[in-house]
Amino acid sequence: MTSPLSVIILAAGKGTRMQSAKPKVLQTLAGKSLLGHVLDTCHQLTVDETIIVHGFGGDQVKSEITNQYTQASITWVAQTEQLGTGHAVKVTLSDLPKSGQSLILYGDVPLVSCQTLTALKTANTDGMSMLTLTVDNPFGLGRIKRDQAGNIEAIVEQKDADAEEQSIKEINSGIYCVDNALLHKYLPELSNDNAQQEYYLTDIVKMAVADGITIAAIEPEHTFEIEGVNNRQQLASLERTWQRKLVADLQEAGVQFADPTRVDIRGTLTAGQDVFIDVNVVFEGDCTLGDNVYIEAGCVIKNAKIGNACYIKPYCVIDRADIGAGVDIGPFAHLRPDTVLSDNSKVGNFVEIKKSTIGQGSKVNHLSYVGDATVGAGVNIGAGVITCNYDGANKSQTIIEDNAFIGSNASLVAPVTIGDTATVAAGSVITKDVDSSALAFGRARQVQKNDFQRPTKK
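Residues numbered from 1 in each chain as written. Predicted model: local features only at pLDDT ≥ 70, side-chain atom pairs only at ≥ 80, totals over all residues. Heavy atoms only, no water.

A. Representation of the domain arrangement of the protein chain. Under the domain assignment, the protein chain is made up of domain 1 (5-218), domain 2 (254-341) and domain 3 (345-457). If you average the C-alpha positions of domain 1 and of domain 3, the two centres end up 61 Å apart. (Domains from an automatic or database assignment.)

This is the structure we're talking about:
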């Protein structure tokens, strides 16, 4: 039987060096809050209890996280005084189950992986396991002190370490998996008799050793998994590190980048084979690209699905759109939410489409706005066409059936239906339905005045 698993996330710090009114754990990395990264990783595990310790800006943290994770069951615990990591975990004891195990994580250490946490939990066979790392420069970090047999006997903080202890290269990440029974036993016994006069969580290691517990230690696959964020420089550095990792994974899957350092993935990106991504493209949310997709420079793509063999020209904005195969888009096109482009359709330069379906093989090539519309197959929409979908209070539908031809600079005043194979003359304002195969005019008769004298400037 699997032991129940709790997660304790310490998220009470102010983050003074961020110089921000926003709590540190709500600062964003790759388009998501630091705390959000930790929660997303935890949700990949089978977690029975999630406890978040909050402090500075606690109401703001609770509000934002609760709104984003509506399905999550989170217990919130306030740490009203900042008395160290040991104290931060101690305040959870009234909510922490007496049995099972707990992962102790940090809201400002966002990139620890599910694989690492799973390995850490598996390694805890005697009551406690911890994540450590061997580094070239351990300055400022707690050292892992081992006995002659190589077993962990203590963690020594930088300010409490003597010269020999400061030479140790193995450092403590602060991430543990501990039996809950031990937390209930050890945390009330913590002392603040140290240089910082704080209650160190690391002291539970010494207590466990005194009880004869063998503490397992594992190292993460990537160094960045234990990197914390304390200032803007560290945040920017970790952002670039994470972006390099995301790009490298996509390259291994067959994606080609014009410049791997000039792309941002702020969410998840799944791509097929032989995809090309030019410079300064930004992906947000959950995006999926099929095979042979070609994306030129400067595009912003959010929560979109793009089918095989699509060509996205420069500086397009695509937001919550579903795009079929063989579609050409742009340049400078704007696809707003709930846009569906069927196979082999085309959306050209300076075209905006909102909450509309464009049928197979249809074209909207230039300078047009199509909103709240259903466009059939084989339709041609000329330059400057507008679906007038809003009367100041309500949105109405425009329906353009298969093989219709809409001339340039026409305005279709919704609600209106253009029948199949109908033609709308250029410059028309259409306010009534047009029958199939009909030609509709809706423009004023041309008037000419000869020998017209232009006004002159006074």
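B. Up close: the layout of surface pockets. Each pocket or cavity is described by its volume, and for the largest pocket that value is around 1700 Å³. Every residue lining the largest pocket is counted, 46 residues in all, and those nearest its centre are Thr 85, Tyr 106, Asp 108, Leu 141 and Asn 230. At the level of secondary structure, the elements contributing two or more residues to the lining of the largest pocket comprise strand E1 (5-11), helix H3 (85-90), strand E10 (170-179) and helix H8 (232-252). The leading source of residues in the lining of the largest pocket is E10, at five residues. Of the volumes computed, that of the second largest pocket is approximately 710 Å³. Contributing to the lining of the second largest pocket are 29 residues, with Gln 44, Trp 242, Lys 245, Leu 246 and Asp 249 lying nearest its centre. Mapped by element, the contributors of at least two residues to the lining of the second largest pocket are helix H1 (34-43), helix H4 (114-123), H8, strand E13 (263-271) and strand E15 (281-289). Partitioning the lining of the second largest pocket into residue classes produces eleven nonpolar, ten polar and eight charged. Both domains that meet at the lining of the second largest pocket, namely domain 1 (5-218) and domain 2 (254-341), each give it at least three residues. (1 Å grid on protein atoms, 1.4 Å probe; cavity = no way out; pocket = protein on both sides within 12 Å on 5 of 7 lines; lining within 4 Å. Points joined across faces, edges and corners; volume = space filled by probe spheres on them. Helix = DSSP H or I, 4+ residues; strand = E, 2+ residues; numbered from the N terminus. Nonpolar A, V, L, I, M, F, W, Y, C, P; charged D, E, K, R; others polar.)

C. Geometry of the pattern of salt bridges. Evaluated as defined, the whole model comprises 13 salt bridges. One salt bridge in this structure joins Arg 240 and Asp 264, with 3.6 Å as the shortest N-O distance. With a gap of 24 residues between them, Arg 240 in helix H8 and Asp 264 in strand E13 connect regions that are remote in the sequence. The buried category is assigned to Asp 264, whose relative accessible area is 16%. (Salt bridge = Lys/Arg side-chain N within 4 Å of Asp/Glu carboxyl O. Buried < 20%, exposed > 50% of the residue type's maximum accessible area, 1.4 Å probe, protein only.)

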